Amino acid sequence: MRGERGWSQAALADKLGVSRQSINAIETGRYDPSLPLAFRIAWLFETPIEAIFDGREPAED
Amino acid sequence: MTNEQATRRYFSVLIPGGVLFLGLSYGLKLAGNAALLPEAVLGGAALVPAALLVGMFWAHWRYINEIDEFLRSIQIKAAFVGLTVVMTIATAWGYVELYVEAPALSIYWLNPIYWLTYAVAAVTITRRYGDAS
């Protein structure tokens, strides 16, 4: 989703007011964001929260 | 306040505080060995490093409250590692001293041990969870 908008991790981090490491950790499934941050992400992408976070574990490489 | 600003503010307290702690601790040891100061003055001066310690922990508390939730989780895990190491050393050494003729461990070493293990843990956890892509 981030890539579709042409945003870097740092750019998305700036928009959300978090660190680039946070975005990287969320994208790679190493960190589950709090509910307020998950909602901020959903609002930013104008997408329902469940479409971004479905609760499933990321697939193993 | 951004994470970068919070980090700079944290290190601006932590690094001088740590250097001062070590310097004062060494100075106190020299003063004590050479009997340069009256005992009461030495006792009072010995509390100064403890005040620095409180300042360093206060800076850490403020830092943890200022950074974002993911970085906060790393800091809390690292602090827990430091606490675990210090408590384990203190408890184990205490029992060893009690039952075996082991040399006494000066408990002021627990502070540097805490910060050292916390720092190593913070770097390790950040590399493991924060920076790997």
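Residues numbered from 1 in each chain as written. Chains lettered and ligands numbered in written order. Predicted model: local features only at pLDDT ≥ 70, side-chain atom pairs only at ≥ 80, totals over all residues. Heavy atoms only, no water.

Novice: Report on the domain arrangement of chain B, specifying residues and quantitative values.
Specialist: Residues and elements named next belong to chain B. With domains assigned, chain B is organised as domain 1 (1-67) and domain 2 (68-133). For domain 1 versus domain 2, the distance between C-alpha centres works out to 18 Å. Of the roughly 1100 Å² buried at the junction of domain 1 and domain 2 (both faces included), carbon and sulfur atoms supply 65%. It is His60, Ile64 and Ile67 that lose the most area in domain 1 upon contact with domain 2, and together they represent 41% of the buried surface on that side. Taken together, the connections running from domain 1 to domain 2 amount to zero salt bridges. At the junction of domain 1 with domain 2, the criterion picks out six residue pairs in polar contact (both at pLDDT 80 or more). Elements with a minimum of two residues in the side of domain 1 that touches domain 2: α1 (3-34) and α3 (47-66). Among the elements that make up the side of domain 1 that touches domain 2, the one with the highest residue count is α3 (eight residues). Among the residues forming the side of domain 1 that touches domain 2, the class breakdown is nine nonpolar, three polar and two charged. (Domains from an automatic or database assignment. Buried area = accessible area lost by both parts, 1.4 Å probe. Salt bridge = Lys/Arg side-chain N within 4 Å of Asp/Glu carboxyl O. Polar contact = N/O pair within 3.5 Å; in protein donor to acceptor, adjacent residues only side chain to side chain. Helix = DSSP H or I, 4+ residues; strand = E, 2+ residues; numbered from the N terminus. Nonpolar A, V, L, I, M, F, W, Y, C, P; charged D, E, K, R; others polar.)

Novice: Could you give me a rundown of the nonpolar core, with the residues and numbers involved?
Specialist: Counting residues in each nonpolar core, the largest one holds 31 residues, and the members touching the most others are Tyr10, Trp115 and Tyr118 of chain B. At the level of secondary structure, the elements contributing two or more residues to this core comprise α1 (9-16), α2 (20-27) and α3 (35-45) of chain A together with α1, α3, α4 (69-99) and α5 (110-131) of chain B. A per-element tally of this core places α5 of chain B first, with seven residues. The two domains that each donate at least three residues to this core are domain 1 (1-67) and domain 2 (68-133) of chain B. Non-local contacts of Tyr10 of chain B, meaning those with residues more than four positions away in its chain, are made with Ala59, His60, Tyr63, Trp115 and Tyr118 of chain B. (Core = buried A, V, L, I, M, F, W, Y, C linked by side-chain atoms within 4.5 Å. Buried < 20%, exposed > 50% of the residue type's maximum accessible area, 1.4 Å probe, protein only. Contact = heavy atoms within 4.5 Å.)

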